[in-house]
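Reading the structure
The primary structure of each chain is shown beneath.
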Amino acid sequence: MLARVSMVFFRSRSVVLSFALVALVVACSSSPDEPGVDDGGLPDAGDGGLPDAGDGGRPPPDDGGDPGPGDGGDPDPGDGGVSDAGDGGPIIVVPGDGGTVVTGTLAGTLTVAGSPYRVIGDANGIVVIPKRQVLTVQPGVVIDFVGRPDVTEADVEAQAPNSVMNHQKGRVEMRVYGAIQVRGTAEAPVVFTSTNPYGWWGLNFYGADSVGDGDPVFEHMIFEKVRKNEYNGTREWTRGALWAYYPGPVTIRHALFRDNVSAAKCGALDLMFTVASHVEDSTFENNRTSEIDRFAQTGTSSMAGGGAMCVTHGRDSVVSRNVFRNNGLEAFGGAVTDHLTPRAILAWPNPQNTYDLGGGGALHYFQPSNDLIENNVFEGNFVTQGPASVIYVEDVGTRGVTLRGNRFTSNRAGSGGVVVCNRGSGGVELVVATDNVFTGNTANGKAAANVSGDCTTAAQ
């Protein structure tokens, strides 16, 4: 059993923390109705630079000429080391020896003594927390959703070697029918990762089937390298690397979501039908929603939204004191290969009589109710050829969403404001307090309005 200790320095929000991990380690305003203030040039945020994992070999699409800084390169697996990746957190290397192999089920308590847990899954590439069972993950545990990399690598259509549908087999999915409690610490976070070069299929809840064994908690964790990129294929649930379809509270604190990709919506996280969920003191960085509708025709609408996170049909959620940096929404139409064509937003009204639902480089809220977005930092997020460089709010009732004390810096979109609110159906649908700060945000290369759309907006 591996028993080495590594040292890592983790910088977040200009604070340098050092910690040792056993086995591995594992953040003067303008008014809401005035254009944002251009500070004389955007920083080189790029497009986040996706690594080679799980995109079928296609290069990152053009998002307007911004270079992609990458993620610093993948370290050499198996040496047990951790390198400093700057504000994005440490680069994690899963030890090549020791650990515990997991096939069909995950339950009970995962300890650092058994770590890393190498999840292969069953014959269908699925691992399950069964109903009426609880999975508790202790500090310092690494869960490697390795699947079957040889199968993934060999999964290439001879007739279409550049298709984004390649490299789907052999990647593992985690399904939650019981309960999950992830309890890392600042010194020893829990890590959800994958050494499969094409990633894994994420962690998925199943609505009422996942209720009854305790509300889910994720504290002090790193969640990375999910690739839900099988566009209109045979796999289910192509939204949200962590798809929390759960009719109750989900608690996420001190987490790092990075380098995750979803095909439909919500690159890193989707809180669907949740009630009173809290996402606090966490970082979302370099996550993507890359929507490719393989049946799309010219003029059809996009359903994509939320480069980092969504709140879908939820209520009373709190998103507070987080950092959303370099997340992006890439919406395309009619392509399944590595040649992708950017699409413009379909304006309403239109002959197709459809709403174009795509938007939100960081967040997408659909049918929100009394949701709070407070004291977050949004920096360098983007939407390719679409609206809302940061937040897209849709189908909103009275005071559906309140924004207080947030900072919006150097975000960019193809159209619309930094925050776009559409299809309001209440009195005052969107509350944007005067202490929100908007600086250097652009839409189609020009200074962006802070808020746009058809909702009624108030400051209180």
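Read on for an overview of the structure. (Residues numbered from 1 in each chain as written. Predicted model: local features only at pLDDT ≥ 70, side-chain atom pairs only at ≥ 80, totals over all residues. Heavy atoms only, no water.)

For the bond from Ser 115 to Pro 116, the omega torsion is 0°, close enough to zero to count as cis. Examined against the element boundaries, Pro 116 turns out to sit in the loop between β6 (108–110) and β7 (117–119). With a phi angle near 60°, Trp 237 is a residue other than glycine that sits in the positive phi range. One can find Trp 237 in the loop between β16 (227–228) and β17 (242–245). We note that Asp 395 has phi near 60°; this positive angle belongs to a residue other than glycine. On the secondary structure map, Asp 395 appears in strand β32 (residues 391–396). (Helix = DSSP H or I, 4+ residues; strand = E, 2+ residues; numbered from the N terminus.)

Under the counting rule described, the total for this entry stands at 17 aromatic pairs. When the ring of Phe 205 is compared with that of Tyr 246, the centres are 5.9 Å apart and the planes differ by 70°; the resulting orientation is edge-to-face. Taken together, the residues span a long stretch of sequence, with Phe 205 in strand β14 (residues 203–205) and Tyr 246 in the loop between β17 and β18 (251–258) at a distance of 41 residues. When its relative accessible area of 2% is taken as the criterion, Tyr 246 is described as buried. Relative to Trp 237, the ring of Tyr 206 lies with its centre 6.0 Å away and its plane at 75°, an arrangement referred to as edge-to-face. (Phe/Tyr/Trp six-rings, centres within 6.5 Å; stacked < 30°, edge-to-face > 60°. Buried < 20%, exposed > 50% of the residue type's maximum accessible area, 1.4 Å probe, protein only.)

Right, let's get into the pairing of strand β12 (residues 179–183). Among the 5 residues in β12, 4 count as buried, and that is most of the element. Strand direction decides the pairing type here: β12 and strand β15 (residues 217–224), joined by 3 bridges, are parallel. Opposite Gln 181, over in β15, you have Val 217 as the bridge partner. (Pairing = 2+ DSSP bridges.)

What follows deals with the sheet that holds strand β41 (residues 451–453). Strand pairing in a sheet relies on backbone hydrogen bonds, with the paired strands running either antiparallel or parallel. Read from one edge of the open sheet, 10 strands run β8-β11-β14-β17-β20-β24-β28-β32-β36-β41, paired in parallel fashion. Single-partner strands in this sheet number two, and they are β8 (126–129) and β41. Within this sheet the neighbouring strands show an average axis-to-axis angle of 15°, counted without direction. As paired elements, β32 and strand β36 (residues 419–424) share 5 bridges and run parallel to each other. (Axes fitted to C-alpha atoms, helices over the stretch in contact; angles between N-to-C directions.)

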